[in-house]
Amino acid sequence: MVALILKRLGAALLLLWVMSLLIFIGCEILPGDVAQVALGQFATEENVQALRAQMGLDRPAPVRYLEWLAGVVQGDWGTSIVTRSSVASMMSERIVNTAMLAGLTTIIAVPLAVSLGLAMAMRPGTAVDRGTSIVILGLSATPEFLIATLGVLLFAVHLGWLPAVAYLSPGAGLGQTIRALLLPTATLVIVVTAQIARMTRAIIGNILSEPYIEMATLKGIPHRRVVAYHAFLNAIGPIANVVALNVAYLVSGIVVVETVFAYPGLAQLMIDAVQSRDMPVIQACAMIFCATYVLLVLLADIIARVFDPRANAAQAGISRPAEAL
């Protein structure tokens, strides 16, 4: 297990280095000049060149990449070109807001989705299974901006129960914070629950069709026990992968939700940085998104290995995985 973790950790570090290179190249080929954007369209060429030299943009790209990478390794994200403030200080509050939104969504959506998937898989072909599958499939195909817009129209415009903008003021109380988070959280919970429940239902359904499940049923083991102890334990690995991908989406892919609700999160900060060509902020946000994604996939990979009956059987010297159950 230790060798597997070290091997996966080495691969993750290599992947992060490749991602850092791609992010830097992507920022380099973005159209527009940072100095020109900062000075405006009426700036003279001499002023633009002077500002480029002051920002260090006149140096070769490999030199700037190595300096940026060395700073990232040491925890120094650099200085914003636009605001001239530390990138770390700009991201600190946004990271907390994004983590709070993603954490709330995960706490609500994951247990709900797994329970729904299990309930559907235990009653295959019934009216409950078919009806729930249709609703979940429809919600999975519905884009986030449509769900968010409908929520704003219903609960903010017509009913007036919730604010349309998820503004988090520094001194806001618990009640105000909950009201601001309700609509964005509900939108993400609907999307993530539908995705995880659909995959959980498919994974558990496939496992329930395996011969060792039929053998357990023929031995007279109650169906709930078969699902809980024989099917669900073997499904933890694949389900963990699905959960990890959806949680990674919550951290890095909630751009639409943060934009619709004007939520002050990390994705909104990166959008603002792209519009102003603030390269250090773009690179820092992109690296945090990539690192989060890689770490969650690494964690899911380790969990899948721990709950893999074939690997456990091979480690225990058992020839058939079913004998390990």
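Here is a short report on the structure shown in this document.

Reading the values: the criteria
- Residues numbered from 1 in each chain as written.
- Predicted model: local features only at pLDDT ≥ 70, side-chain atom pairs only at ≥ 80, totals over all residues.
- Heavy atoms only, no water.
- Helix = DSSP H or I, 4+ residues; strand = E, 2+ residues; numbered from the N terminus.
- Buried < 20%, exposed > 50% of the residue type's maximum accessible area, 1.4 Å probe, protein only.
- Areas by Shrake-Rupley, 256 points an atom, 1.4 Å probe, with all protein chains shown as cover.
- Lys, Arg positive; Asp, Glu negative; His and termini not counted.
- Charge placed at Lys NZ, Arg CZ, Asp CG, Glu CD.
- Contact = heavy atoms within 4.5 Å.
- Expected span 1.5 Å × (residues − 1).
- Bend = angle between axes of the 7 residues up to and from the residue.
- Polar contact = N/O pair within 3.5 Å; in protein donor to acceptor, adjacent residues only side chain to side chain.
- Salt bridge = Lys/Arg side-chain N within 4 Å of Asp/Glu carboxyl O.
- Core = buried A, V, L, I, M, F, W, Y, C linked by side-chain atoms within 4.5 Å.
- Phe/Tyr/Trp six-rings, centres within 6.5 Å; stacked < 30°, edge-to-face > 60°.
- Axes fitted to C-alpha atoms, helices over the stretch in contact; angles between N-to-C directions.
- Parallel < 35°, antiparallel > 145°, perpendicular 65-115°, else oblique.
- Nonpolar A, V, L, I, M, F, W, Y, C, P; charged D, E, K, R; others polar.

### A look at the overall build of the protein chain
Stage number 1. In terms of helices and strands, the protein chain carries 14 helices and zero strands.
Stage number 2. Secondary structure elements of the protein chain occur, N-terminal to C-terminal, as α-α-α-α-α-α-α-α-α-α-α-α-α-α.
Stage number 3. Counting only C-alpha atoms and orienting by the principal axes, one finds that the protein chain spans roughly 85 × 55 × 35 Å.
Stage number 4. The 325 residues of the protein chain split such that 39% are buried.
Stage number 5. Carbon and sulfur atoms make up 68% of the accessible area of the protein chain, which totals about 17400 Å².
Stage number 6. Averaging the coordinates of the 19 positive side-chain charges in the protein chain and doing the same for the 18 negative ones gives two points 14 Å apart.

### Observations regarding the side chain of Asn246
Stage number 1. Residue placement: Asn246 occurs in helix α10 (residues 223–252).
Stage number 2. The class for Asn246 is buried, based on a relative accessible area of 11%.
Stage number 3. Those residues in contact with Asn246 that sit more than four places away from it in its chain are Val192, Gln195 and Ile196.

### Notes on helix α5 (residues 87–122)
Stage number 1. Between the first and last C-alpha of α5 there are 50 Å, a value that for 36 residues agrees with the 52 Å anticipated at 1.5 Å per step.
Stage number 2. The largest bend in α5 is about 25 degrees, located at Glu93.
Stage number 3. Where α5 begins, the capping side chain belongs to Ser86, and its oxygen is found 3.3 Å from the backbone nitrogen of Ala88.

### Some details on the pattern of salt bridges
Stage number 1. Applying the stated criterion to the full structure yields four salt bridges.
Stage number 2. For the salt bridge of Glu28 with Arg64, the shortest nitrogen-to-oxygen distance reads 2.8 Å. Here Glu28 is found in helix α1 (residues 2–28), whereas its partner Arg64 is found in helix α4 (residues 61–73), with 36 residues between them in sequence.
Stage number 3. Given the relative accessible area of 14%, Arg64 is considered buried.

### What to know about the nonpolar core
Stage number 1. One finds Ile196, Ile204, Ile239 and Phe261 to be the most contacted residues of the largest nonpolar core, which totals 48 residues.
Stage number 2. The leading source of residues in this core is helix α8 (residues 174–208), at 13 residues.

### Overview of the packing of aromatic side chains
Stage number 1. Within this structure, the stated rule accounts for four aromatic pairs.
Stage number 2. Note on Tyr65 and Trp68: the rings are 6.1 Å apart at their centroids and 45 degrees apart in plane angle, and the pair reads as tilted. In this pair, Tyr65 and Trp68 are both assigned in helix α4, three residues apart and thus about one turn of the helix distant. No difference in accessibility class separates Tyr65 from Trp68, as the two residues are buried.
Stage number 3. Consider the rings of Phe155 and Trp161, whose centres lie 6.2 Å apart with planes at 40 degrees: the pair is tilted.
Stage number 4. Its relative accessible area of 28% is what places Phe155 among the partly exposed residues.
Stage number 5. Relative accessible area serves as the criterion here: at 54%, Trp161 is assigned to the exposed category.

### Describing the packing of α5 against helix α12 (residues 266–276)
Stage number 1. Taken N-terminus to C-terminus, the directions of α5 and α12 make an angle of 135 degrees; their axes are 7 Å apart at the nearest point. Regarding the angle of α5 to α12, the classification is oblique. Mapping the contact onto sequence places Met90, Met91, Arg94, Ile95 and Thr98 in α5 and Leu266, Gln268 and Leu269 in α12.
Stage number 2. In terms of residue class, the contact of α5 with α12 is built from five nonpolar, two polar and one charged.

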